[in-house]
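The primary structure of each chain is shown beneath.
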Amino acid sequence: FEVNGVIHACDKKTPFVWRGNWYVKDGKFGYATTYSNPPDEYPVGETFEDEIVSVTDSEWTMVEQSTGNKSIAFRIK
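Residues numbered from 1 in each chain as written. Predicted model: local features only at pLDDT ≥ 70, side-chain atom pairs only at ≥ 80, totals over all residues. Heavy atoms only, no water.

1. Remarks on the pairing of strand β3 (residues 28–37)
Step number 1: The sheet contact formed by strand β2 (residues 12–25) and β3 spans nine bridges and is antiparallel. Looking across to β3, one finds that tryptophan 22 is bridged to tyrosine 31.
Step number 2: Counted between consecutive antiparallel strands, the loop separating β2 from β3 contains two residues, among which aspartate 26 sits at a positive phi close to 55°.
Step number 3: Where β3 and strand β4 (residues 47–55) come together, five bridges link them in antiparallel fashion. Opposite glycine 30, over in β4, you have glutamate 49 as the bridge partner. (Pairing = 2+ DSSP bridges. Helix = DSSP H or I, 4+ residues; strand = E, 2+ residues; numbered from the N terminus.)

This is the structure we're talking about:
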């Protein structure tokens, strides 16, 4: 997978890119970082696991288990 986005913190906007490998098991979406820029945002080798909340044709909603942060991924055609 590849994620492109912007981190908003105070008055600063930082673009980021990270890539990795993923799996789905028991209603969980697991993923491990293999590339990250800036590298301190998503350290390479770090593994995350999200609870899958919903999946539609255009949207995937998850809740990250260690932080409780909700994220929504959109399909780009």
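2. A few points about the pattern of salt bridges
Two side chains with opposite charge may pair up if their charged atoms get near one another.
Step number 1: A complete count under the given rule lists one salt bridge for this structure.
Step number 2: Note that arginine 19 and glutamate 2 form a salt bridge whose closest N and O atoms lie 2.6 Å from each other. Linking arginine 19 in strand β2 with glutamate 2 in strand β1 (residues 2–9), this pair joins segments that are 17 residues apart in sequence.
Step number 3: Residue classification places glutamate 2 among the partly exposed positions, given a relative accessible area of 45%. (Salt bridge = Lys/Arg side-chain N within 4 Å of Asp/Glu carboxyl O. Buried < 20%, exposed > 50% of the residue type's maximum accessible area, 1.4 Å probe, protein only.)

3. Quick word on the packing of aromatic side chains
Step number 1: Enumeration according to the criterion identifies 11 aromatic pairs in this entry.
Step number 2: Residues phenylalanine 1 and tryptophan 18 carry aromatic rings whose centres are separated by 5.2 Å and whose planes lie at 85° to one another, so their mutual orientation is edge-to-face. With a gap of 17 residues between them, phenylalanine 1 in the segment before β1 and tryptophan 18 in strand β2 connect regions that are remote in the sequence.
Step number 3: On the basis of relative accessible area, phenylalanine 1 is assigned to the partly exposed category, the value being 29%.
Step number 4: For the ring pair phenylalanine 1 and tyrosine 31, a centre distance of 6.0 Å and an interplane angle of 90° mean the geometry is edge-to-face. Of this pair, phenylalanine 1 sits in the segment before β1 while tyrosine 31 sits in strand β3; the two residues are 30 residues apart in sequence, bridging distant segments of the chain.
Step number 5: Note that arginine 19 overlies the ring of tyrosine 35, its terminal NZ or CZ placed 4.5 Å from the centroid. (Phe/Tyr/Trp six-rings, centres within 6.5 Å; stacked < 30°, edge-to-face > 60°. Lys NZ or Arg CZ within 6 Å of the ring centre and 35° of its normal.)

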